[in-house]
Amino acid sequence: QVRFVESGGGLVQPGGSLRLSCAASGSTFSINTIGWYRQAPGKERELVAAISSGGSTNYADSVKGRFTISRDNAKNTVYLQMNSLKPEDTAVYYCNADPVIMRNWGQGTQVTVSS
């Protein structure tokens, strides 16, 4: 099993930036693609960005051009650089495999974009 620990969230003003980190431990060798997900109040959890072990990436249309996902395989860590943040980016952000492994959901990290 894999454990994911998210960090880096916080309160930021619109237009600001945050960098989230996802530290993975356990049987990480079995996961090819890791994604960042988010869940806003009253909404379903959605995939924001994903990155494969080979570095291929994809993004939700809502964050293209603003967010960048990256990974450091040696550190078993995935990052999400978030720029030009908007209030609608407010959510709890999680990382997990893509496709999702339900038992691997962590606590997430809160991102709040507000003036």
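In this text, all values refer to a predicted model and were calculated from it rather than measured experimentally. (Residues numbered from 1 in each chain as written. Predicted model: local features only at pLDDT ≥ 70, side-chain atom pairs only at ≥ 80, totals over all residues. Heavy atoms only, no water.)

Engineer: Just checking my understanding: could you explain the overall build of the protein chain for this structure?
Structural biologist: On a plain count of helices and strands, the protein chain comes out with 0 helices and 10 strands. Seen in sequence order, the protein chain has helices and strands lined up from the N terminus as β-β-β-β-β-β-β-β-β-β. Scaling as 2.2 N^0.38, a compact globule of 115 residues should have a C-alpha radius of gyration of about 13 Å, and the protein chain matches this with 13 Å. Looking at the protein chain as a whole, 43% of its 115 residues qualify as buried. Taking as baseline every contact in the protein chain between residues at least 6 positions apart, the subset at least 24 positions apart corresponds to 54%. Carbon and sulfur atoms provide 46% of the accessible area of the protein chain, an area that totals close to 6,000 Å². Both charge centroids of the protein chain, one from 11 positive and one from 8 negative side chains, sit 5 Å from each other. (Helix = DSSP H or I, 4+ residues; strand = E, 2+ residues; numbered from the N terminus. Rg over C-alpha atoms; globule rule 2.2 N^0.38 Å. Buried < 20%, exposed > 50% of the residue type's maximum accessible area, 1.4 Å probe, protein only. Contact = heavy atoms within 4.5 Å. Areas by Shrake-Rupley, 256 points an atom, 1.4 Å probe, with all protein chains shown as cover. Lys, Arg positive; Asp, Glu negative; His and termini not counted. Charge placed at Lys NZ, Arg CZ, Asp CG, Glu CD.)

Engineer: Help me understand the environment of Gly 16, please; the structure alone is not making it clear to me.
Structural biologist: Structurally, the position occupied by Gly 16 is in the loop between strand E2 (10-12) and strand E3 (18-26). Among the residues examined, Gly 16 registers a relative accessible area of 18% and is labelled buried. With 67 residues separating them in the primary sequence, Gly 16 and Asn 83 have C-alpha atoms 6.1 Å apart. With residues up to four places along the chain from it excluded, the contact list for Gly 16 reads Met 82, Asn 83, Ser 84 and Leu 85.

Engineer: Sorry, what's going on with the packing of aromatic side chains here?
Structural biologist: Geometrically, a pair of aromatic rings is defined through the distance of the ring centres and the angle of the planes. With the rule as written, the count across this model stands at 2 aromatic pairs. On the numbers, 5.2 Å between centres and 80° between planes, the contact of Tyr 37 with Trp 105 is edge-to-face. Placement of the pair is Tyr 37 in strand E4 (residues 33-39) and Trp 105 in the loop between strand E9 (91-97) and strand E10 (109-113), with a sequence separation of 68 residues. On the basis of relative accessible area, Tyr 37 is assigned to the buried category, the value being 6%. With a centroid separation of 5.6 Å and 75° between ring planes, the pair formed by Tyr 94 and Trp 105 is classed as edge-to-face. Residue Tyr 94 is located in strand E9, and its partner Trp 105 is located in the loop between E9 and E10; the two are separated by 11 residues in the primary sequence. Note on Tyr 94: relative accessible area 11%, which makes it buried. A relative accessible area of 22% means that Trp 105 is categorised as partly exposed. The rings of Tyr 37, Tyr 94 and Trp 105 are connected pair by pair, giving a single aromatic cluster. (Phe/Tyr/Trp six-rings, centres within 6.5 Å; stacked < 30°, edge-to-face > 60°.)

Taken by themselves, the reported measurements are silent on function.
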